[in-house]
Structure formats: structure tokens, C-alpha cells
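# Chain and residue survey
So the chains spell out like this:
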Amino acid sequence: MTKIPYRFYLTEDQMPKQWYNLRADMKEQPDPMINPATMKPATEEDLYPVFCKELAHQEMDSKTRYVDIPEEILEMYRIFRPSPLIRAYNLEKALDTPAKIYYKFEGNNTSGSHKLNSAIAQAYYAKKQGLTSLTTETGAGQWGTALAEACSYFGLPLTVFMVKGSYQQKPFRKTVMQTFGAEVIPSPSNTTEAGRKILETDPDTTGSLGCAISEAVEKAVSTEGCRYVLGSVLNQVLLHQSIIGLETKKAMEILDVYPDVIIGCAGGGSNLGGLIAPFMQDKLTGKADPRIVAVEPASCPSLTRGKYAYDFCDTGKITPMAKMYTLGCGFIPSSNHAGGLRYHGMSPILSKLYHDGYMEAISVEQTKVFEAAVFFAKHETILPAPESSHAIRAAIDEALRCKESGEAKTILFGLTGTGYFDMTAYASFIEHTMGDYIPTDEDLQKGFDGLPKIPGLQE
Ligand SMILES: *Cc1c(COP(=O)(O)O)cnc(C)c1O
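What counts, and at which threshold
- Residues numbered from 1 in each chain as written.
- Predicted model: local features only at pLDDT ≥ 70, side-chain atom pairs only at ≥ 80, totals over all residues.
- Heavy atoms only, no water.
- Axes fitted to C-alpha atoms, helices over the stretch in contact; angles between N-to-C directions.
- Helix = DSSP H or I, 4+ residues; strand = E, 2+ residues; numbered from the N terminus.
- Parallel < 35°, antiparallel > 145°, perpendicular 65-115°, else oblique.
- Left-handed = near helix turned anticlockwise from the far one by under 90°.
- Contact = heavy atoms within 4.5 Å.
- Nonpolar A, V, L, I, M, F, W, Y, C, P; charged D, E, K, R; others polar.
- Core = buried A, V, L, I, M, F, W, Y, C linked by side-chain atoms within 4.5 Å.
- Buried < 20%, exposed > 50% of the residue type's maximum accessible area, 1.4 Å probe, protein only.
- Phe/Tyr/Trp six-rings, centres within 6.5 Å; stacked < 30°, edge-to-face > 60°.
- Lys NZ or Arg CZ within 6 Å of the ring centre and 35° of its normal.
- Polar contact = N/O pair within 3.5 Å; in protein donor to acceptor, adjacent residues only side chain to side chain.
- Pairing = 2+ DSSP bridges.

## Observations regarding the packing of helix H2 (residues 71-80) against helix H4 (residues 116-128)
- Running from N to C, H2 and H4 point in directions that differ by 150 degrees, and their axes come no closer than 10 Å. Considering the angle they form, H2 stands roughly antiparallel to H4. The handedness of the crossing between H2 and H4 comes out as right-handed. For the pair H2 and H4, contact is made by Glu72, Ile73, Met76, Tyr77 and Phe80 and by Leu116, Asn117, Ile120, Ala121, Tyr124 and Tyr125, respectively.
- Each residue belonging to the contact of H2 with H4 can be placed in one class, and the counts come to nine nonpolar, one polar and one charged.

## Brief notes about the nonpolar core
- Grouped together as the largest cluster of nonpolar side chains are 74 residues, with contacts concentrated most on Trp19, Ile73, Tyr77, Ile120, Leu353 and Met359.
- Sequence-distant contacts of methionine 359, defined by excluding residues within four places in its chain, comprise Leu272, Ile276, Met280, Ile292, Ala294, Leu303, Leu350, Leu353 and Tyr354.
- Core analysis: the next-biggest nonpolar cluster, separate from the first, contains 35 residues, Val261, Phe413, Leu415 and Met434 among them.

## Let's talk about the packing of aromatic side chains
- Taken as a whole and judged by the stated rule, the model has 14 aromatic pairs.
- On the numbers, 4.9 Å between centres and 90 degrees between planes, the contact of tyrosine 153 with phenylalanine 154 is edge-to-face.
- Note on tyrosine 153: relative accessible area 37%, which makes it partly exposed.
- Residue class for phenylalanine 154 comes out buried when judged on its relative accessible area of 14%.
- Their ring planes at 75 degrees and their centres at 6.2 Å tell us that phenylalanine 376 and phenylalanine 413 sit as a pair that is edge-to-face. Of the two residues, phenylalanine 376 is situated in helix H14 (residues 366-380) and phenylalanine 413 in strand E17 (residues 410-415); the sequence distance between them amounts to 37 residues.
- Each member of the aromatic cluster is reached from another via a ring pair, and the members are Tyr124, Tyr125, Tyr153 and Phe154.
- The cationic tip of lysine 53 hangs over the ring face of tyrosine 48; the distance from NZ or CZ to the ring centre is 5.6 Å.

## Brief notes about the environment of glutamine 58
- Within the element layout of this structure, glutamine 58 appears in helix H1 (residues 53-60).
- Taking relative accessible area as the criterion, glutamine 58 reaches 4% and is therefore assigned buried.
- In this structure the C-alpha to C-alpha distance between glutamine 58 and aspartate 96, which are 38 residues apart in sequence, comes to 45 Å.
- In contact with glutamine 58, other than residues within four places in its own chain, are Trp19, Arg23, Val67, Tyr125, Gln236, Leu239 and His240.
- A distance of 2.9 Å separates the side chain of glutamine 58 from the side chain of histidine 240, its partner in a polar contact.

## Looking at the sheet that holds strand E11 (residues 226-228)
- The four strands lie next to each other as E10-E9-E8-E11, forming an open sheet whose pairing is parallel. Strands at the two margins of the open sheet, each flanked by one partner only, are strand E10 (183-187) and E11. In this sheet, adjacent strand axes meet at a mean angle of 20 degrees when their direction is disregarded.
- Contacting strand E8 (133-138) and strand E9 (158-163), helix H5 (residues 142-154) runs over the sheet at an angle of about 160 degrees to E8.

Laid out in C-alpha cells, this is it:
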């Protein structure tokens, strides 16, 4: 290979046919989920009322290293995958850095993000089990859009509870979902018990991801043949998202390069978990030792300032409790513009790896993120999602450090999506009205005070 191309695509027969389950290579497993009804470790059967069977199985399966991707899913993957691995020549030149910067671009589908990778899998398994409808929540709108696409492909009715702040900020996101046939309800709503309770105490709330999850879960458990699906955090979602990392690793093998640093934004941890999966495997098995960096917003700092504790995955406290880095399921972050990163917890798998020292985490402020986003857009021609721009910020800073030290490091980051529906955010950056809200220790303490008590485990 003489010169690395700008955009590198795997051919169809080079595409992965299996997902990779990172847990199979972890020396220590994440702590088991706890069923709040029994206060005992949850069993696969405990999850059946909430998740469909195959996904409940994937959630609990920590042993199967490689999972065959069903042909029906591969068929839809082929419509928008492989995603390109891009060498950021222009960005490198603009930064005048000796670093070599690569990014895996997941924004080339209508949902505008990596979320379609798991949406397809979840809709497929639900359909296969004979379920008749799905519910979910969406923050920024990408997950709802991805699932709406997947559900219309497999012919499943879908109800989306959309965080009210986003619903108002991004009316066209709602319209895209409706175009694909989904019903979209702003959350909190008065259509559920959980929503009504939250509205009672705080009628003007702009909502939160956790609260929308509670509403969606409640609708699922109270509707015959309906299940709830979640676009991040869960082990099953990280499994599906491993397609990102597997494609990246394969492409890098063909190009004969290996990353020194891997950077990803982290909301619930699914794109980062997916991107790093096969590289973390190298780390866990002693084959290589890349640095891995999670980037989160300073306004919602679950890894960098959260507690490693058992917590509910939702504000309504219906889901099982998972041990993870969390700000407390009652924590409602300020309405920053990276909706996809406004989640109180973090993937239990990533939380465990972070806790055990396999990865690092940093937090960045919103205006710094948008500075990086605009710089990136100008040089790489892609208008990045605010979420993805957290990773761009960190990658640029790393490349600038390389410039100082003269090191020609290979940097890989995940460009999770495009920002076409985030023009309100870009406008507030351009017009200098954007703020950098950072919660105080007292704000965070309120969230920690609400952590659940579990006899013998967490007093
Ligand atoms: C949802 C989303 C994220 C954050 O979710 P993770 O589960 O942490 O990956 C990041 N980028 C985009 C574009 C998203 O839509």
C-alpha cells in the first residue's frame, strides 16, 4: 500500500459476519444486574417482561465470544455498511501535526448515527419472536429515528417517547420518525403513570432520557405483545455496535496501521464500546496496548465525577439495577446541546473496564466542543453531530500535543454522526449565546443521595 486513501471501504466479503462479545475476554466480569423486586441477581427469565427473549439472552451471555449475525440483519447492514474509515489528511494539515488521524464515520444513513446498527438487530429479534409493537425513548432523536427506520423495514408499530426539550428544539426529527410511521410523544407525558408523577412535581421540566425510558418501559409492560428497546448502555447494544470496531480493525489491518490512541464520545457507551471492542480484546489478551479515551460532556460527567454504584437504568426505577458509573437516576442534566450524551449512567461493561484501569475518561465543555466541530467541518467537509464533536475535540487536542512533542502518533476516533438536526445548537455557538454549564458538587450530591439501597450490597 503506497498511500493510505482518504476513504477506505471494506468489500462485501471482507465485512464481519459475527458480532464480538467483549465480556468473553474480560478477566473480571461486570457485577450482575439486580432485580429490584427480589433484590437478588436478575435471571434471564426476569428480563422477559421487558426485553424480547433473544435480547434477554444476549444481555446475560458473557461467555459466547462471537455471535453470528442473522442473514436478515446482514442484508440490511449491506444497505448502509461498511462505513468508511477516513484518514483526516486535511485536518492533519490544518493542525500542522505529525499525528496521523483516522476516523470511522457512522453518519451515512438517514438516522444520521451509529444507532441503526443496534436498532436493526432489536427490531429483527422482536419481529422473529412474534411481538406486535415496540416502545422506546429518544433524546436527541437519533435513536428514535434509527428504530423508526428499522421497525418500518420489519413491519412493526413503534411508539417513541421523545425528551420534551429535544421535541421542541428539533421538530423535524419528529417528522422524520413520523415519516417512517412511528408515533412520537413528548416526554414527560400524561399517557403514563411515570410521566404523570414527574409532571406533578415539576410541570415545566424539559424532561430527561431517564424519564422517557420510564414512560417507554411502563407502556411496554402494560401493553400485550409490546416490548421496550433501548439504544445504548445495555450489553446487547454494545454487542451489536461491535460491528463498528470489527470493520475498523479489519480495515486497519489491510492498511497495515494500528492506533496508539482510540477516542470516542460516551453517553451510554455504545459507540465507544463498539469501536474499541476488538482493540480492547488485544489489550485484555496482551497483544497490544492502545490508550483508550472516553470523552463526556462536563455537564453530564458520569465517568469523571460519578460514583461506581448500583443504580436503576431509568428514572422510573422499573428496569433492573446495574453496577455502573452513575450520577444517580434522578440526575437531570442541564439542557446542553448534545442530547445523546445526557444520560445519568454508563455501560456496565465500560464502567468495569474503566474501574479496572483499562481506559481513561475526560470531560469537555460545550463551547470547546463546538469550536472543534466548526473547525472539523471546515476542513473535513462533514458537519458533525454535537455528540461526535466531543471525540473530535479530544482528537484535536491529542494531535496538538503531538505537534508539541513531535510524536507521529496514530489517532483513531469515532465520528458517530452528522449534525443536520442540530442547527439550533450551531446557531447558539455562532451567535455566542451558548453557555458551559457545569454541575456543582452539591448538584451531584443530590443525585447520589437517591442511589438505591440494596441489603448487603449497597447500604
Ligand atoms: C446517541 C449518540 C451518541 C451517544 O451514545 P453512545 O451510546 O454513548 O454511543 C453519540 N453520538 C451520536 C451521534 C448519537 O446519536
